[in-house]
Amino acid sequence: MTHLPHELIRSGAIRISAAVGEALANGRAVVALESTIFSNLGLPAPANADALHRCQEVLRAAGVEPAVTAVLDGVARVGLAPDEEQRVLGASAKLAERDLAVAMAQGIEAGVTTVSATVALAHTAGISVFATGGIGGVHRGVESTWDVSADLDALAHHPVITVCAGAKAFLDLPKTLEYLETVGVPVLGWQHDWFPAFYSRSSGLAVPHRVETTREVVAVLRNRVRPDTGVLLTTPIPEEHELDAVELQTKLDAALEAATAEGLTGAAVTPFILGRIEQETDGESIPANVALALNNARLAAQVANELASGS
């Protein structure tokens, strides 16, 4: 099926790189990558650059074109040149889906995209598979804060398969799964029965649906009854990189208390928590974060190739 260019692409507000555009035009597999995880908001240097290059290598080795998203000089990008990647590594402006229009209108110099922004840009560009680390979700204490990540709304309104290691462990995971059920997003466990919790292979919550093959995953996307709804495909962090769940929970609780004491809310919470966990684990969280990102990219490549094959 031919994908007609979106008005924002025709107007130049969104620019697709030559490599990504060629892959899409030729029916080759493409996987979108968010840029927040590769900025200093997600990983410290030089781990962020290492993660970016290794994720791209994993995709290209599988015959898949990587499409890193960001906003540079007021233009949303789907696919970056090497010199543009360097700008992303040091960027500090974090953009959710709602921020994209403002960033483009105001000509922001360099903004990195979250899950919600990347899913939106991927959909606009005609990309159906996206790999990230872990999604956002319903925050603890939502009863008083109403803090629910825009990632969940984006998953419900863009027909993209998002591959991740579950949701970040400091969130309210039961409520996150309930929210995804409410908005009609299928949540799949890749050859696994438990919903992952980022650094941990299991949150203790059963995944709604287990899948064994990429053909099943693609069929779920094709058979959805809501045309705009995406699919969440979860895969646990490789066992050898998993952090101790009990110790991690203690550190997460302390980090959350510190974030509350500093009055942090919304988008500011995640980078703060990740930074505290890095300190509290003596840096062990960094290779774990990179390992799960690579694992997600490998699975996304398989799914994208299945989708491109048309089987």
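Residues numbered from 1 in each chain as written. Predicted model: local features only at pLDDT ≥ 70, side-chain atom pairs only at ≥ 80, totals over all residues. Heavy atoms only, no water.

1. Structural notes on the overall build of the chain
Now for step 1: Within the chain, the regular secondary structure consists of 13 helices and eleven strands.
Now for step 2: Projected onto the principal axes, the alpha-carbon positions of the chain cover approximately 50 × 40 × 35 Å.
Now for step 3: Counting over 311 residues, the chain shows a buried share of 55%.
Now for step 4: Partitioning the contacts of the chain with sequence separation of at least 6, the portion at a separation of at least 24 is 74%.
Now for step 5: Accessible surface computed for the chain: about 13,200 Å², of which carbon and sulfur atoms make up 52%.
Now for step 6: Each charge class in the chain can be summarised by its mean position, and for the 21 positive and 37 negative side chains these summaries are 6 Å apart. (Helix = DSSP H or I, 4+ residues; strand = E, 2+ residues; numbered from the N terminus. Buried < 20%, exposed > 50% of the residue type's maximum accessible area, 1.4 Å probe, protein only. Contact = heavy atoms within 4.5 Å. Areas by Shrake-Rupley, 256 points an atom, 1.4 Å probe, with all protein chains shown as cover. Lys, Arg positive; Asp, Glu negative; His and termini not counted. Charge placed at Lys NZ, Arg CZ, Asp CG, Glu CD.)

2. Some words on the state of the cysteines
Now for step 1: Throughout the structure, instances matching the rule amount to zero disulfides.
Now for step 2: No disulfide involves Cys-55; its sulfur sits 14 Å from the nearest other cysteine sulfur, which is in Cys-164.
Now for step 3: Overall, Cys-55 belongs to the buried group, its relative accessible area being 2%.
Now for step 4: Residue classification places Cys-164 among the buried positions, given a relative accessible area of 0%. (Disulfide = S-S within 2.5 Å.)

3. Focus on unusual backbone geometry
Now for step 1: In this structure, the amide linkage connecting Ala-45 to the following residue, Pro-46, adopts the cis form with an omega of 0 degrees.
Now for step 2: Positive phi outside glycine occurs at Asp-73, with the angle close to 50 degrees.
Now for step 3: Relative to the assigned elements, Asp-73 resides in the loop between strand 3 (65–72) and strand 4 (75–78).
Now for step 4: For Asp-73, a relative accessible area of 45% corresponds to the partly exposed category.
Now for step 5: Even without being a glycine, Phe-198 presents a positive backbone phi close to 65 degrees.
Now for step 6: Examined against the element boundaries, Phe-198 turns out to sit in the loop between strand 9 (187–190) and strand 10 (209–211).

4. Some thoughts on the side chain of Ser-149
Now for step 1: As for its position among the elements, Ser-149 is in the loop between helix 7 (142–145) and helix 8 (150–157).
Now for step 2: Residue classification places Ser-149 among the buried positions, given a relative accessible area of 16%.
Now for step 3: A polar contact of 3.0 Å, which involves the side chain of Ser-149, links it to the backbone nitrogen of Asp-151.
Now for step 4: Those residues in contact with Ser-149 that sit more than four places away from it in its chain are Gly-136 and Gly-137. (Polar contact = N/O pair within 3.5 Å; in protein donor to acceptor, adjacent residues only side chain to side chain.)

5. Here we look at the packing of helix 3 (residues 47–61) against helix 13 (residues 285–309)
Now for step 1: Between helix 3 and helix 13, the shortest axis-to-axis distance is 9 Å and the interhelical angle comes to 20 degrees. Taken together, the axis directions place helix 3 and helix 13 in an arrangement best described as roughly parallel. In terms of crossing hand, the pair formed by helix 3 and helix 13 is right-handed. Contacts from Ala-47, Ala-51, Arg-54, Cys-55, Val-58 and Leu-59 in helix 3 reach Ile-286, Val-290, Ala-293, Leu-294, Ala-297, Arg-298 and Ala-301 in helix 13. (Axes fitted to C-alpha atoms, helices over the stretch in contact; angles between N-to-C directions. Parallel < 35°, antiparallel > 145°, perpendicular 65-115°, else oblique. Left-handed = near helix turned anticlockwise from the far one by under 90°.)

6. Here's the deal with helix 8
Now for step 1: Among the residues making up helix 8, those that are buried are Asp-151, Leu-152, Ala-154, Leu-155 and Ala-156.
Now for step 2: If you follow the buried residues of helix 8, they end up packed against helix 5 (97–105), helix 6 (115–125), strand 8 (161–164), helix 9 (173–182) and strand 11 (231–234).
Now for step 3: N-cap assignment for helix 8: the residue whose side-chain oxygen lies 3.0 Å from the backbone N of Asp-151 is Ser-149.

7. A short note on the packing of aromatic side chains
Now for step 1: Within the structure shown, the criterion is met by one aromatic pair.
Now for step 2: Each ring, one from Phe-198 and one from Tyr-199, has its centre 4.7 Å from the other, and the planes form 65 degrees; the classification is edge-to-face. Tyr-199 matches Phe-198 in its accessibility class, with the two residues each being buried.
Now for step 3: Lys-168 extends its terminal NZ or CZ atom over the ring of Phe-198, reaching a point 5.6 Å from the ring centre. (Phe/Tyr/Trp six-rings, centres within 6.5 Å; stacked < 30°, edge-to-face > 60°. Lys NZ or Arg CZ within 6 Å of the ring centre and 35° of its normal.)

Purely geometric stuff here, so don't read any function into it on its own.
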